[in-house]
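# Structure assessment
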Amino acid sequence: MDPYLWSERAAKSHQEAVWREMAYQERRKREATRLAEIVKPGDHVTAKVLGTITSELGRAAAKAVDDASAPCLACGLNTYRAPVCNECLEEPYVDAARQDRDSAGYGYW
């Protein structure tokens, strides 16, 4: 449908929708920048961290952090985009899964 045939009201509504989408994209860029200030790779992702992100940046940003989190290989707590958390990096690395296999009597394979 040719936009030149739209009514004045429809054209205005369409332009407002385009502006809203542009504003939404800009807000997402700012949120990503602020997210990098709040949480760094290797930081623990706890409920308090997710609550802070939700209150400051919104639910979508908190969900993105939650989706990007994975358990630390040493302690098992959720970290943000790092295999080993910052606290465990400061200590000598211990492979918890290997210790579990050894203590269960399966040996190291």
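This report concerns the structure included in the present document.

Rules behind the numbers
- Residues numbered from 1 in each chain as written.
- Predicted model: local features only at pLDDT ≥ 70, side-chain atom pairs only at ≥ 80, totals over all residues.
- Heavy atoms only, no water.
- Helix = DSSP H or I, 4+ residues; strand = E, 2+ residues; numbered from the N terminus.
- Buried < 20%, exposed > 50% of the residue type's maximum accessible area, 1.4 Å probe, protein only.
- Contact = heavy atoms within 4.5 Å.
- Areas by Shrake-Rupley, 256 points an atom, 1.4 Å probe, with all protein chains shown as cover.
- Core = buried A, V, L, I, M, F, W, Y, C linked by side-chain atoms within 4.5 Å.
- Arc of directions from axis to C-beta.

Okay, the overall build of the chain next. For the chain, the helix and strand inventory stands at five helices and two strands. The order of α-helices and β-strands along the chain, N terminus first, is α-α-α-β-β-α-α. Counting only residues that meet the buried cut, the chain has 17% of its 109 residues in that class. Partitioning the contacts of the chain with sequence separation of at least 6, the portion at a separation of at least 24 is 37%. Of the accessible surface of the chain, which amounts to about 8400 Å², a share of 56% is contributed by carbon and sulfur atoms.

To continue, consider the environment of T79. Structurally, T79 is set in strand β2 (residues 78–80). Residue classification places T79 among the buried residues on the basis of a relative accessible area of 0%. Note: C-alpha distance between T79 and V39 (40 residues apart in sequence) is 9.8 Å. What T79 contacts, discounting residues up to four positions off in sequence, is G42, D43, H44, V45, A68, S69, A70, C72 and C85.

Once that is clear, we can look at the nonpolar core. Ranked by size, the top nonpolar core spans 10 residues in total: L35, V39, V45, L50, I53, L57, A61, A62, V65 and Y80. Sorting the residues of this core by element identifies α2 (47–57) and α3 (59–68) as the ones contributing at least two each. Residues contacting L57, with those up to four places away along its chain left out, are E31, R34, L35 and I38.

All of the buried residues along α3 are A61, A62 and V65. Buried positions in α3, seen along its axis, are confined to an arc of 100 degrees and lie on one side of it. Pointing more than 90 degrees away from the buried face of α3 are the exposed residues R59, A60, K63 and D67. Summarising the contacts, the buried residues of α3 are in contact with α1 (8–38), α2, β1 (69–71) and β2.

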